[in-house]
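Chain residues, written in single-letter form:
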Amino acid sequence: MTATVDHEALAHTLDSARLERREVAPLTREHPTLSVPDAYAIQEAGIRLRLSHGERVVGLKMGLTSEAKRKQMNLDSPVYGVLTDRMQIPADGVIQLSQGVHPKIEPEIAFRTARELRGTVTRDQVLDACESVFAAMEILDSRYRDFKYFSLPDVVADNASSSLFVLGTTEHPPRALDLTRLEMTMSVNGEPAQSARSDAISGDPVVSVIQLCELLAQRGQVLPAGSIVLAGAATAAHMLRPGDRVQLTVEGLGIVAVSAE
Ligand code: OOG
């Protein structure tokens, strides 16, 4: 870690930008040597700020787990961020675009763990530890100017661009389906906007959970029981506009929808 970087101060910069719906310059502009461990320390400090405002951690999200997303953002390795209770919106809920900076939406698959997972885990261990799998969408909202990148440390420090998420209302046991072969279609105002098969996510969405456990272990952390895990987007993200109704259908997992106003 770079001794000259004040993690708490940079977390504060990003948190104020989020709360005041302002864009800021990527942190690496002023701190070109910012490392990925520095960035996770800034992310953690930012989450502590949110907890001090009464939020509760409910899970984690993986990002940049698909080729489509890595290409869209021009970044090349998976990252994680933290989800709090205030980020969850109900299925069929409304996203207030005025409360974000420049929100985008993307199609995902989510898991909920019933048991803790730590370190290097196998696919079977993940499937044993997860009680449910869901169709899900994530609403991203970078705090950086024009949602422009920025390097990996920038996105990690900004909690992997997380903003809101929505889970489908039907949950399934993860072994009930072949999670690598589910067709996913996200429509906007009734027109298909993005589609992919679920293996676009890490080759297998379960692999996202395996990678998450490895990344957490590098920071001396575990994936707690009862966590929601977003496995990462299967496709590029769609920029939300007022009046959009976005619906994701995942074969075997059902439908989840939200509207933007
Ligand atoms: C980074 C986060 C990407 C995903 O699912 O790939 C992400 C970004 O696109 O700003 O959450």
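The name given to the protein chain in an unreviewed UniProt entry is 4-oxalocrotonate decarboxylase, with the source organism recorded as Corallococcus macrosporus DSM 14697.

Colleague: Quick question: what am I supposed to make of the overall build of the protein chain here?
Modeller: When helices and strands are counted, the protein chain shows seven helices and 12 strands. By the compact-globule yardstick of 18 Å for 261 residues, the protein chain fits well, its C-alpha radius of gyration being 17 Å. Principal-axis analysis of the C-alpha atoms gives the protein chain an extent of 50 × 45 × 35 Å. Expressed as a percentage of its 261 residues, the buried residues of the protein chain come to 56%. Long-range pairs, those at least 24 residues apart, make up 76% of the contacts in the protein chain with a sequence separation of at least 6. By element, 49% of the accessible surface of the protein chain is carried by carbon and sulfur atoms, the whole surface being about 10900 Å². Averaging the coordinates of the 26 positive side-chain charges in the protein chain and doing the same for the 34 negative ones gives two points 1 Å apart.

Colleague: Please explain the sheet that holds strand β11 (residues 245-250) as it appears in this structure.
Modeller: In a beta sheet, neighbouring strands pair by backbone hydrogen bonds and run either parallel or antiparallel. Pairing is mixed across the open sheet formed by five strands, whose spatial order is β3-β12-β11-β7-β8. The open sheet terminates on both sides in strands that have one partner only, identified here as β3 (94-95) and β8 (191-197). Bridge count for β3 against strand β12 (residues 254-260) is two bridges, and the pairing is parallel. Looking at the pairing, V94 lines up with S259 of β12.

Colleague: Is there a simple way to explain the pattern of salt bridges in this structure?
Modeller: Pairing is possible between side chains that carry opposite charge, provided their charged atoms lie close to one another. A complete count under the given rule lists 19 salt bridges for this structure. The residue K69 makes a salt bridge to E106 at a minimum N-O spacing of 2.9 Å. Of this pair, K69 sits in helix α4 (residues 67-73) while E106 is found in strand β4 (residues 104-113), placing the two residues 37 residues apart along the sequence. A salt bridge links R175 to D124, with the shortest nitrogen-to-oxygen separation between them at 3.3 Å. Separated by 51 residues along the polypeptide, R175 in the loop between β6 (162-167) and β7 (183-188) and D124 in helix α5 (residues 123-129) bring together distant segments of the chain. Given a relative accessible area of 48%, R175 falls into the partly exposed group. Assessed through its relative accessible area of 45%, D124 is described here as partly exposed. Each of the salt bridges in this network shares a partner with another, and the network as a whole consists of R50, E55 and R86.

Colleague: Got a minute to help me understand the packing of aromatic side chains in this structure?
Modeller: For any pair of aromatic rings, the description consists of the separation of the ring centres together with the inter-plane angle of the planes. As enumerated under the stated definition, the model contains one aromatic pair in all. Relative to Y80, the ring of Y40 lies with its centre 4.5 Å away and its plane at 25 degrees, an arrangement referred to as stacked. Within this pair, whereas Y40 is found in helix α3 (residues 36-52), its partner Y80 is found in strand β2 (residues 79-84), the two being separated by 40 residues in sequence. The ring of F147 has K104 lying over it, and the distance from NZ or CZ to the ring centre is 3.9 Å.

Basis of the calculations
- Every chain's residues receive numbers from 1 upward, in the order its sequence appears when written.
- Only residues with pLDDT of at least 70 are given local features in this predicted model, and only at 80 or more are side-chain atom pairs given and counted; all residues enter the totals for whole chains, interfaces and linings.
- Each side-chain value is derived from all of the structure's non-hydrogen atoms; neither hydrogens nor water enter the calculation.
- The way it works is that DSSP assigns letters per residue, a run of H or I at least four long becomes a helix, a run of E at least two long becomes a strand, and they are numbered from the N terminus.
- Every radius of gyration here is taken over C-alpha atoms, with the globule rule written as 2.2 Å times N^0.38, N being the number of residues.
- Only protein chains enter the area calculation, which uses a 1.4 Å probe; residues under 20% of their type maximum are buried, those over 50% are exposed, and those in between are partly exposed.
- By definition, residues are in contact when any of their heavy atoms lie within 4.5 Å.
- Only the protein chains shown count as covering a residue, and every accessible area follows the Shrake-Rupley method with a 1.4 Å probe.
- Positive charges come from Lys and Arg, negative ones from Asp and Glu, while His and the chain ends are left out of the count.
- Note that the charge is assigned to NZ on lysines, CZ on arginines, CG on aspartates and CD on glutamates.
- Two strands form a pair only when DSSP identifies at least two bridges running between them.
- Any carboxyl oxygen of Asp or Glu within 4 Å of a side-chain nitrogen of Lys or Arg constitutes a salt bridge here.
- Note on aromatic pairs: the rings of Phe, Tyr and Trp (six-membered ring only in Trp) are paired at centre separations within 6.5 Å, and the planes decide the class, stacked below 30 degrees, edge-to-face beyond 60, tilted for the rest.
- A ring has a charge above it when a Lys NZ or an Arg CZ is no more than 6 Å from the ring centre and no more than 35 degrees off the ring normal.

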